[in-house]
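These are the residues of each chain, in order.
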Amino acid sequence: MTDNPFHRLSPFIQEFIYRRRWTELRAVQVEAARVLFDTDAHLLLATGTASGKTEAAFLPILSLLSEDPPQSLGALYIGPTKALINDQFLRLNDLLAEAHIPVWHWHGDVSRTEKARLLRRPRGLLQITPESLESLLINRTTHLTNLFHDLRFVVIDEVHVFMGSDRGRQVQCQLERLAPYMAGQPRRVGLSATLGDYAPAEEWLRANTDRPVITPEVNEGGRRVRLAVEHFWEEGEPSPPSPLSHYHRYLFDTSRDRKSLIFANTRAQTESVIAALRRIAERESYPDIYHVHHGSISAPLREAAEAAMRDDYTPAVTAATVTLELGIDIGQLERVIQLGAPYSVSSFLQRLGRSGRRGNPAEMWFASFEEPALTTAPLPELVPWHLLQIIAIIQLYLEERWIEPVRSVRYPLSLLYHQTMSTLAAQGELSPAALAQRVLTLHPFRRLTQDDFRALLLHLIEIEHLERTEKGGLIVGLAGEPVVNGFRFYAVFPDNEEYSVREEANEIGSIPSPPPPGERFALAGRTWEVLDTDPKRKQVFVKRVEGQASMSWSGYAGEVHTRVVQRMRQVLDEESHYPYLLPGARERLLAARDLARRTGLTGADPVSIGGTTYCLFPWMGTVAYRTLNRMLRTLDYPGLGL
């Protein structure tokens, strides 16, 4: 085993490195090459954002595929979002321009022509989302052997996003369902920037395989980080911030003349902040450099935002949700701005990691807005919860390098239904025993029994999602056919059907439900007036107008861990000064600490909030808090005086 694996890379990759003027391979790239060249183990790369993990995985993988070309696809890359796949597709195309190794991507925005070309002659690397891989398993069974029989590697990006979720367990099922179509067992490579404990990730990556997982210890050196937290709060009548408020003025000045990425926790927040920044820019004759990027924006507008962020020579400001949180290369980003508090330490690190590339410090500015509350408001409304959560998340990482652990699920019953229906849709009629053999042997269902599965099958037959044949086999039933035939079935997470918004021939994005003609709403950071709707095609036709409007989307709020909430209580109790707090945030924290001392809200006892009314602060995370809430409802708390 040589000390420098550079000389073992293929000549076209060495040339790529020379052209990029890299002086040396990074530590993670050296260690990854050693594992992939000198062992047959799976590999987990768990290093910081912008540490070179993608190249660390693909430089040796592509060298090995170049030396011994496979007779089918050689590598499968599974990414959590289409945006990430599109980004990696561009990066790998540059790498493989002279290698004659094709790179394919497969998702809903890819043309049928390109997909047909891949099916005719599958070679090289395929990049895909779990949903599109599910579609392949159901609808392309006759092509699976030709596609994957000589598959050598499976690369799973952003492992922490998949672990502990039904979507991640779906990926495990998919890899096992592909196994009968492959001649050997491909090696798995997992990539992640936000793992606290490597052991659960290693267990997830090796599931139902006989290879060990190697996680190299990589010394990345000291990382420079710049943090700033400001808080905006005024006493008076509650009202949302106006476009000319101090809050929006601060965001405008903080992002002005910079390549800035603004993260929000909801799509509605991204819309409102960009609309406000555009109005300020228009008043000051400043160019419109503003973009919105979230799941309800049309693909062309999302791609335009990504292209603007990659342009190193022109300022651009994009407000995004999690769609830009993951490892997309958005160029020389100068500043990350977070509206309010992220839900987790993991999300904080992902978003911070969008900046600080190419040797620069990672930089993140938090802007917290607290709606004004009357002095007579109930005690919980007088506490700056978002400010406390920001400080708690930052301190947990700075002090302890703590990141939320992955929560395992012993009985993933919704996924069991999904994979049962998917297997029957792909294979056609199967006997109950054959169906159980295919489904219950999948890793996520290892704790379920034959009796559990029999109970599910009997229930599905009763509600006509399954049907018994004359031979005693099982097929998809009348009620199940619309479920498995809909494209939304490929995803195991909730996905609400939305209406497409169109301005003449241009698609703007989508909204949950159409307002009536004449009404206005916000989308892509602009205001639109409804001209007409087509309920059958689920389309809304609009024209662009001036003025202010809003739009809300339903969605699942993120979970806050109990450790974060307990650290919030500690922030109120301690006397520490945090150097990253700006004047408004420092002043508000002092006021909150004074309130906590006067009321005793950080203690264990209920707090009187007037008369015979008391308030309980359990200081629990989302899951425990909801459990307590439901338990009290079960106990009939109105009858108990609660």
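None of these values were measured; they are calculated from a predicted model.

Visitor: Just to check I follow, could you spell out the overall build of the protein for this structure?
Guide: From N to C terminus, the protein includes 22 helices and 22 strands. Relative to the 2.2 N^0.38 estimate, which gives 26 Å for 642 residues, the radius of gyration of the protein is 26 Å and therefore close to what a compact globule would have. Dimensions along the principal axes, computed over C-alpha positions, put the protein at roughly 70 × 65 × 55 Å. When the accessible surface of the protein is totalled, it reaches about 29900 Å², and 50% of it is carbon and sulfur.

Visitor: Hey, could you run me through the sheet that holds strand β18 (residues 520–523) in this one?
Guide: To summarise the sheet geometry, strands pair through backbone hydrogen bonds and adopt either a parallel or an antiparallel arrangement. Read across the sheet, five strands follow the order β17-β16-β20-β19-β18 without closing on themselves; strand pairing throughout is mixed. The sheet is open, and its two edges are formed by β17 (506–511) and β18, each paired on a single side. For this sheet, the mean angle separating the axes of adjacent strands, direction not counted, is 45 degrees.

Visitor: Can you help me understand the packing of helix α16 (residues 413–427) against helix α18 (residues 450–462) in this one?
Guide: Helix packing for two helices is described by the angle between their axes and how far apart those axes are. Two elements in contact, α16 and α18, have axes whose closest approach is 11 Å; the angle formed by their N-to-C orientations is 65 degrees. Here α18 runs roughly perpendicular to α16, going by the angle between their axes. Regarding α16 and α18, the two cross each other, and that crossing is right-handed. Each of L416, Y417, T420 and M421 in α16 lies in contact with α18, whose residues at this interface are F453, L456, L457 and L460. Across the contact of α16 with α18, the residue classes break down as seven nonpolar, one polar and no charged.

Visitor: Hey, could you run me through the pattern of salt bridges in this one?
Guide: When the charged atoms of two side chains with opposite charge come close together, those side chains can pair. If you walk through the whole model with that rule in mind, you get 26 salt bridges. Here E31 ties to R34 by a salt bridge, and the two come within 3.0 Å at their closest N and O atoms. Here the residue E31 and the residue R34 both occupy positions in helix α2 (residues 27–38), the gap between them amounting to three residues, near one helical turn. Residue class for E31 comes out partly exposed when judged on its relative accessible area of 23%. One continuous salt-bridge network, built from bridges that share partners, spans R249, D253, R256 and E284.

Visitor: I tried to follow the side chain of T602 on my own but got confused; where do I start?
Guide: If you trace the backbone, T602 turns up in the loop between α21 (583–599) and β21 (607–608). Here D573 takes part through its side chain, which lies 2.7 Å from a polar atom of the side chain of T602. Apart from residues no more than four positions distant in its own chain, T602 is found in contact with R569, L572, D573, A596 and W619.

Visitor: Would you explain the side chain of E529 in this entry?
Guide: By the secondary structure assignment, E529 is in strand β19 (residues 526–534). Among the residues examined, E529 registers a relative accessible area of 16% and is labelled buried. A distance of 3.5 Å separates polar atoms of two side chains, one belonging to E529 and the other to R520.

Visitor: Would you mind showing me how to read the environment of V439 here?
Guide: With respect to the helices, strands and loops of the structure, V439 is situated in helix α17 (residues 432–439). Distance in space between the C-alpha atoms of V439 and Y417 is 9.9 Å, their sequence separation being 22 residues.

Visitor: Explain α16 to me, please; I cannot follow it from the model alone.
Guide: Helical geometry note: an α-helix holds 3.6 residues per turn, so side chains three or four residues apart project in the same direction. Along its 15 residues, α16 runs 21 Å from first to last C-alpha, staying within 8% of the 21 Å computed at 1.5 Å per residue. The buried count for α16 comes to 11 of 15 residues, which makes it a mostly enclosed element. Within α16 the residues assigned to the buried category are L415, L416, Y417, H418, Q419, T420, M421, S422, T423, L424 and A426. Immediately beyond the C-terminal end of α16, within one or two residues, lies G428, with a positive phi of roughly 80 degrees.

Visitor: Can you walk me through the nonpolar core in this structure?
Guide: The tendency in soluble globular proteins is for nonpolar side chains to be buried as a group. Counting residues in hydrophobic clusters, the biggest one holds 50 residues, and the most contacted among them are V229, F348 and L601. The greatest single-element share of this core, amounting to eight residues, is contributed by helix α15 (residues 385–400). Discounting residues that sit within four places of it in the chain, V229 has contacts with F366, L387, I390, I394, Y580, L581, L582 and A585. With 41 residues, the next largest nonpolar core counts F12, L62, L65 and A75 among its residues.

Visitor: What is the right way to look at the packing of α2 against helix α3 (residues 53–67) in this model?
Guide: Where α2 meets α3, the axes come as close as 8 Å, and the angle between the chain directions of the two elements is 35 degrees. Crossing of α2 over α3 shows right-handed handedness. Seen from α2, the contacting residues are V28, Q29, A32, A33, L36 and F37; seen from α3, they are E55, A56, A57, P60, I61, S63 and L64. Looking at side-chain class alone, the contact of α2 with α3 contains 10 nonpolar, two polar and one charged residues.

Visitor: Explanation requested: the pairing of strand β10 (residues 290–293) in the structure shown.
Guide: Within a regular strand, side chains alternate between the sheet's two faces. Direction of pairing for β10 relative to strand β11 (residues 316–320): parallel, over a ladder of four bridges. Along β11, the bridge assignment pairs H291 with T318.

Visitor: I'm lost on the pairing of β18 in this one. Help?
Guide: Summarising the sheet, β18 and β19 pair through four bridges and their orientation is antiparallel. Considered in β19, the bridge of F521 is made with W528. From the end of β18 to the start of β19, which pair antiparallel, there are two residues, and A524 there has a positive phi angle of about 60 degrees.

Visitor: Help me understand the confidence of the model for the protein in this model?
Guide: In low-pLDDT regions, the fine details of the predicted coordinates are not to be read closely. Residues of the protein with pLDDT of at least 70 account for 93%, and the chain-wide mean is 88. Confidence, expressed as mean pLDDT per element, reaches its minimum in the protein at helix α4 (residues 82–95) with 75 and its maximum at helix α20 (residues 562–573) with 97.

Visitor: Even after reading the chapter, I still don't get the packing of aromatic side chains, so can you show me in this structure?
Guide: Within a pair of aromatic rings, the relevant descriptors are the distance that separates the centres and the angle that separates the planes. All told, the structure shown has 12 aromatic pairs when counted by the stated rule. Seen in terms of ring centroids, F6 and Y18 are 5.7 Å apart; in terms of plane orientation they differ by 70 degrees. Their pairing is edge-to-face. Remark: Y18 occurs in helix α1 (residues 11–19) and F6 occurs in the segment before α1; sequence separation between them is 12 residues. The exposure class of F6 is buried, given its relative accessible area of 11%. Note on Y247 and F369: the rings are 5.2 Å apart at their centroids and 45 degrees apart in plane angle, and the pair reads as tilted. In this pair, Y247 is assigned in helix α11 (residues 246–255) and F369 in strand β13 (residues 362–370), connecting sequence segments 122 residues apart. Here a set of aromatic residues connected by ring pairs shows up, and it is made of F232, Y247, Y250 and F369. The aromatic ring of Y397 is capped on one face by R401, whose charged end is 4.5 Å from the ring centroid.

Visitor: In this structure, what is going on with unusual backbone geometry? I would like to understand it.
Guide: Working note: non-glycine residues mostly have negative phi, and peptide bonds are mostly trans. Positive phi is not limited to glycine here, since N208 has a value of about 60 degrees. Residue position: N208 is located in the loop between α10 (198–206) and β7 (213–214). Within the chain, K538 stands out as a residue other than glycine whose phi angle is a positive 55 degrees. Along the chain, K538 falls in the loop between β19 and β20 (539–545).

Visitor: Could you clarify how one ought to interpret the sheet that holds strand β6 (residues 187–192) in this entry?
Guide: Taken in spatial order, the seven strands line up as β3-β4-β2-β5-β6-β1-β7 in an open sheet, and their pairing is parallel. The strands lining the two open edges of the sheet, one partner per strand, are β3 (103–106) and β7. The pairing of strand β1 (residues 42–46) with β7 spans two bridges and is parallel. When the sheet's bridge partners are listed, H42 is paired in β7 with V213. Set on the sheet, helix α6 (residues 130–139) makes contact with β2 (73–78), β3 and β4 (124–128); between it and β4 the angle comes to about 110 degrees. Set on the sheet, α10 makes contact with β1, β5 (153–156), β6 and β7; between it and β1 the angle comes to about 145 degrees.

Conventions used here
- Residues numbered from 1 in each chain as written.
- Predicted model: local features only at pLDDT ≥ 70, side-chain atom pairs only at ≥ 80, totals over all residues.
- Heavy atoms only, no water.
- Helix = DSSP H or I, 4+ residues; strand = E, 2+ residues; numbered from the N terminus.
- Rg over C-alpha atoms; globule rule 2.2 N^0.38 Å.
- Areas by Shrake-Rupley, 256 points an atom, 1.4 Å probe, with all protein chains shown as cover.
- Pairing = 2+ DSSP bridges.
- Axes fitted to C-alpha atoms, helices over the stretch in contact; angles between N-to-C directions.
- Parallel < 35°, antiparallel > 145°, perpendicular 65-115°, else oblique.
- Left-handed = near helix turned anticlockwise from the far one by under 90°.
- Contact = heavy atoms within 4.5 Å.
- Nonpolar A, V, L, I, M, F, W, Y, C, P; charged D, E, K, R; others polar.
- Salt bridge = Lys/Arg side-chain N within 4 Å of Asp/Glu carboxyl O.
- Buried < 20%, exposed > 50% of the residue type's maximum accessible area, 1.4 Å probe, protein only.
- Polar contact = N/O pair within 3.5 Å; in protein donor to acceptor, adjacent residues only side chain to side chain.
- Expected span 1.5 Å × (residues − 1).
- Core = buried A, V, L, I, M, F, W, Y, C linked by side-chain atoms within 4.5 Å.
- pLDDT = per-residue confidence, 0-100.
- Phe/Tyr/Trp six-rings, centres within 6.5 Å; stacked < 30°, edge-to-face > 60°.
- Lys NZ or Arg CZ within 6 Å of the ring centre and 35° of its normal.

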